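# Working through the structure, step by step
The lines below spell out each chain.
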Amino acid sequence: MPYVLDTTDVSPPDRIEAVYLAMMYASAPCHVIHEDPDGDIHCRMELWDLGGANIFISRSSGIRLLRTAKQARQDAMPVVALSVQRQAHGHLEQHRHLQIVPPGELLAVDLSGPYDYSWSGDGAAGCIQIPSDQLGLPIDIIRRAIHRLRASPLYDMVTDHIANLVRDPARITADPAAASVTTASIELARALLASAAHADRLTSQVLAETLLTRVRTYVRQHLADPDLTARRIAAEHNVSLRHLYKVCAQADISLEQWIISERLQNAWHDLRRPENRHRPVAVIAHRWGFRDPTHFARRFKARYGISPGEWRRSAEETAPP
């Protein structure tokens with residue numbers, strides 16, 4: 001179960017203290033300064049355990065989180081937060097750098113150091129918080145990277161990954177494969193930070209170690225593209241096709257078959273959704289990268305022992321009225 005604060009359940013005079021205490025628990029100790037302390041203060045926080053990391057989501061009225069050098073010296077556990085701004089522009093000042101982050105973009109915060117982070121008006125952000133020792137990177141490399149994330153070719157991939165994590169943390173953390181999600185998230189964060197730091201020798205090593213994770217993440221983000229091929233995946237990751245197949249083979253993965261399996265699984269879920277009830281099967285098949293409806297139906301039946309139409313009808317028959 002997550003830790004949740006919702007100030008709709010807190011009387012207005014007690015909300016400032018409630019938000020402060022919740023922030024101390026969910027993130028790093030800091031001063032919590034409200035944009036309008038005499039106005040309508042509202043906040044919802046969620047903290048979800050993700051094994052070696054956690055997912056932290058916050059939505060609130062205008063707020064400023066000020067962590068002083070004194071507070072930083074009292075905290076011995078270095079933690080890095082990779083956060084997607086979801087509403088309002090985030091303003092972050094840390095290590096003599098100022099960043100203004102619009103909704104949909106990614107920022108990194110060294111939670112073990114001093115920082116000044118804020119938004120004005122109603123805002124929201126969601127992040128994954130990772131202890132630095134999980135990343136296996138020197139702290140100077142991490143601090144060099146956090147202001148240079150956009151310079152990395154992995155920026156969009158990791159931004160999309162974290163946006164998906166914070167969109168539905170309940171479903172992700174309850175899944176039996178949540179531990180694999182944790183491992184993948186930490187590896188992606190490690191690769192992004194190493195890449196952004198431009199530490200060439202270290203970057204090459206980290207990128208080699210995280211290639212399979214990055215490939216699998218890239219594939220999942222592009223399953224709907226019927227032109228997704230092994231050659232394109234290799235080119236996107238700056239490796240040869242032969243090396244890509246070798247890495248997959250070492251992990252006992254047939255790349256093409258795995259892509260088809262992932263597409264079938266997504267189509268399987270889509271056919272169950274009530275909002276897709278009147279959408280043709282061929283449209284759902286195309287949505288997941290199958291150009292030929294007949295080929296899709298054949299592969300679906302081979303995988304699940306039932307045709308797409310039969311599966312949809314069975315789902316409708318068992319749906320509550």
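Our subject is the structure that appears above.
The present account deals with the structure reproduced in this document.

Conventions and cut-offs
- Residues numbered from 1 in each chain as written.
- Predicted model: local features only at pLDDT ≥ 70, side-chain atom pairs only at ≥ 80, totals over all residues.
- Heavy atoms only, no water.
- Helix = DSSP H or I, 4+ residues; strand = E, 2+ residues; numbered from the N terminus.
- Buried < 20%, exposed > 50% of the residue type's maximum accessible area, 1.4 Å probe, protein only.
- Contact = heavy atoms within 4.5 Å.
- Areas by Shrake-Rupley, 256 points an atom, 1.4 Å probe, with all protein chains shown as cover.
- Lys, Arg positive; Asp, Glu negative; His and termini not counted.
- Charge placed at Lys NZ, Arg CZ, Asp CG, Glu CD.
- Pairing = 2+ DSSP bridges.
- Axes fitted to C-alpha atoms, helices over the stretch in contact; angles between N-to-C directions.
- Parallel < 35°, antiparallel > 145°, perpendicular 65-115°, else oblique.
- Nonpolar A, V, L, I, M, F, W, Y, C, P; charged D, E, K, R; others polar.

## Considering the overall build of the protein
Along the protein, the regular secondary structure elements total 15 helices and eleven strands. A burial count over the protein gives 47% of its 321 residues as buried. Within the protein, contacts between residues separated by at least 24 positions form 69% of all contacts whose residues are at least 6 apart in sequence. Taken as a whole, the protein presents about 16500 Å² of accessible surface, with 52% of it coming from carbon and sulfur. The distance from the centre of the 37 positive side-chain charges to the centre of the 37 negative ones in the protein is 8 Å.

## Description of the sheet that holds strand β8 (residues 97-101)
Pairing in this open sheet of five strands is antiparallel, and the strands run β2-β5-β10-β7-β8 from one edge to the other. Strands with a single pairing partner mark the edges of an open sheet, and in this sheet they are β2 (31-34) and β8. Taken over all neighbouring pairs, the strand axes of this sheet differ in orientation by 10 degrees on average, direction set aside. Sheet analysis places strand β7 (residues 90-94) next to β8, joined by five bridges and oriented antiparallel. Paired with His91 across the strands is Ile100, a residue of β8. Packing of helix α1 (residues 15-26) onto the sheet brings it into contact with β2 and β5 (63-67), and relative to β2 it is tilted by some 140 degrees.

## Regarding unusual backbone geometry
Generally, phi is negative for residues other than glycine and the peptide bonds are trans, each holding for most cases. One non-glycine residue, Arg96, lies in positive phi territory at about 65 degrees. Look at Arg96 and you get exposed, because its relative accessible area is 85%.

## Description of the packing of helix α9 (residues 211-221) against helix α11 (residues 241-250)
Interaxial distance between α9 and α11 falls to 10 Å at its minimum, and their mutual angle equals 100 degrees. Relative to α11, the element α9 lies roughly perpendicular. Facing Leu211, Leu212 and Val215 of α9, the residues of α11 in contact are His243, Leu244, Val247 and Cys248. In the contact of α9 with α11, the residues fall into six nonpolar, one polar and no charged.

Just geometry here; none of it tells us what the structure is for.
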